Amino acid sequence: MKRVCMTIHNSLAELIGNTPLVRLNHVTEGIEATIAVKVEYLNPGGSSKDRIAERIIDAAERSGQLKPGGVIVEPTSGNTGVGLALVAQQRGYRTIFVVPDKVSESKRAVLRAYGAEVVVAPTDVSPEDPRSYYNVSDYLAEHIPGAFKPNQYRNPNGPESHYHTTGPEVWDATDGKITHFVAGIGTGGTITGTGRYLREVSHGEVKIVGADPEGSIYSDPSHVHQYDIEGVGEDFYPETFDRSITDDIVQVNDAQAFTMTRLLASQEGLLVGGSSGMAVAAALNYAREHALGSDQLMVVLLPDSGRGYLEKIFNDDWMMSHGYADVVEATRVEPMAG
Ligand code: PMP
């Protein structure tokens, strides 16, 4: 009789983590080192933020901050919201996300589709204004019985989740041969947790390189200004980022990041977001500048999918009207001759 071997996971949350490493083969011309990327959009919620959501909720349950029937309230419009909503619905918690009104309707629709409630707050008010999205989320967290606010910029379980999952995964998948780890810095959780693990296990041999948008405080505190890359860079120092873990921070501008984002899709088959393009651009610049040889192995973390950016980075009209005509030109896919 034919034996049927079943692998059925108990819930989607079991599929968080253990994302693959893939070698880059085309955008790396002239670089001898191996550049491998960790593809985080293969997490069930589509980003690296699934990892922090799971650990933050586990910890809040253990400490009693989150009780059966509780409500998770967080100011977030993106990946963290999806991660929290996904884990929360599996465990029977309500989720309420407060988003600024500049957040697109399609992003709000994604959160609602996962069962979250979305509260929209005005963007053009000062952070101190009671209507600001930080204050609205504080108000809701204080007044809704059973509410818990994860606060991803302060919660130590963010970096911890990467220390316990992303770090060991990278180390094991490279048989301990990784020499450099590169990641963008938003809350800093990814680079702090993963970097700390890799440093410890390699006795300080693995170099930890941050990638940062031009305009963010991390690479140049004297020139903080607006930029278009989403999810990375800050105008303040969050508690979740331990700068002493980084050996270097490489600055990348919007145009360089968007060029690489488009090339990753058209040449490597990796439809990823702008912060992924930024991290790869930083990695390649670093590899060139330091003339990394063929014995070097760089791992670059790609946080999310390009699907959330189809109307921006992958839309030529948006790109042209936002000053990126050169990027569109440089990444044009030539029609086949013949
Ligand atoms: N890229 C994207 C798209 C993100 O949403 C985030 C998280 N804010 C990051 C990069 C940076 O990750 P971290 O917060 O762990 O530094």
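Refer to the structure printed above.
Keep in mind that what you see is a predicted model, and the values were worked out from it rather than measured.

## A closer look at the environment of Asn285
So, point 1. Along the chain, Asn285 falls in helix H8 (residues 274–289).
So, point 2. According to the C-beta neighbour criterion, Asn285 is partly exposed, with 16 such atoms within 10 Å.
So, point 3. Distance from Asn285 to Ile185, taken between C-alpha atoms, is 17 Å for residues 100 residues apart in sequence.

## Focus: the site of the ligand
So, point 1. Around the ligand, the surrounding shell holds 16 residues, and the nearest of these are Gly186, Thr187, Thr190, Gly231 and Ser275.
So, point 2. Within the shell around the ligand, the residues separate by chemical class into 3 nonpolar, 11 polar and 2 charged.

## Considerations on the sheet that holds strand S10 (residues 297–302)
So, point 1. Spatial ordering of the open sheet is given by S1-S2-S10-S7-S8-S9, a layout of 6 strands whose pairing is mixed. The two strands at the open ends of the sheet, each matched to only one other strand, are strand S1 (21–23) and strand S9 (248–252). The mean inter-strand angle of the sheet, taken between neighbouring strand axes irrespective of direction, is 25°.
So, point 2. In terms of strand pairing, strand S8 (residues 207–213) meets S9 through 5 bridges, oriented parallel. Of the residues in S9, the one forming a bridge with Pro213 is Val252.

## Thoughts on the sheet that holds strand S3 (residues 71–75)
So, point 1. Within the open sheet, the 4 strands sit side by side as S5-S4-S3-S6. Their pairing is parallel. Edge positions in the open sheet fall to strand S5 (117–121) and strand S6 (147–148), since each of these has one partner strand only.
So, point 2. Pairing of S3 with strand S4 (residues 94–100), which is carried by 5 bridges, proceeds in the parallel orientation. Bridge pairing in S4 links Val73 to Ile96.

Parameters at a glance
- The residue numbers shown here count from 1 along each chain, following its written sequence.
- Residue-level local features of this predicted model are given only where pLDDT is at least 70; pairs of side-chain atoms are given and counted only at 80 or more, and the full residue set underlies all totals for whole chains, interfaces and linings.
- A run of H or I in DSSP counts as a helix once it spans at least four residues, and a run of E counts as a strand once it spans at least two, with each numbered from the N terminus.
- Once C-beta atoms are placed from the backbone, each residue is buried if 20 or more other C-beta atoms lie within 10 Å of its own, exposed if 12 or fewer, and partly exposed for counts between those two.
- Each residue receives a C-beta atom placed from its backbone. It is near a molecule or strand if this atom lies within 6 Å of it.
- Residues were grouped as follows: Ala, Val, Leu, Ile, Met, Phe, Trp, Tyr, Cys and Pro as nonpolar; Asp, Glu, Lys and Arg as charged; and all remaining residues, including Gly, as polar.
- Two strands form a pair only when DSSP identifies at least two bridges running between them.
- Fitting a line to C-alpha atoms yields each axis, with helices limited to the stretch in contact; the angle taken between N-to-C directions then spans 0 to 180 degrees.

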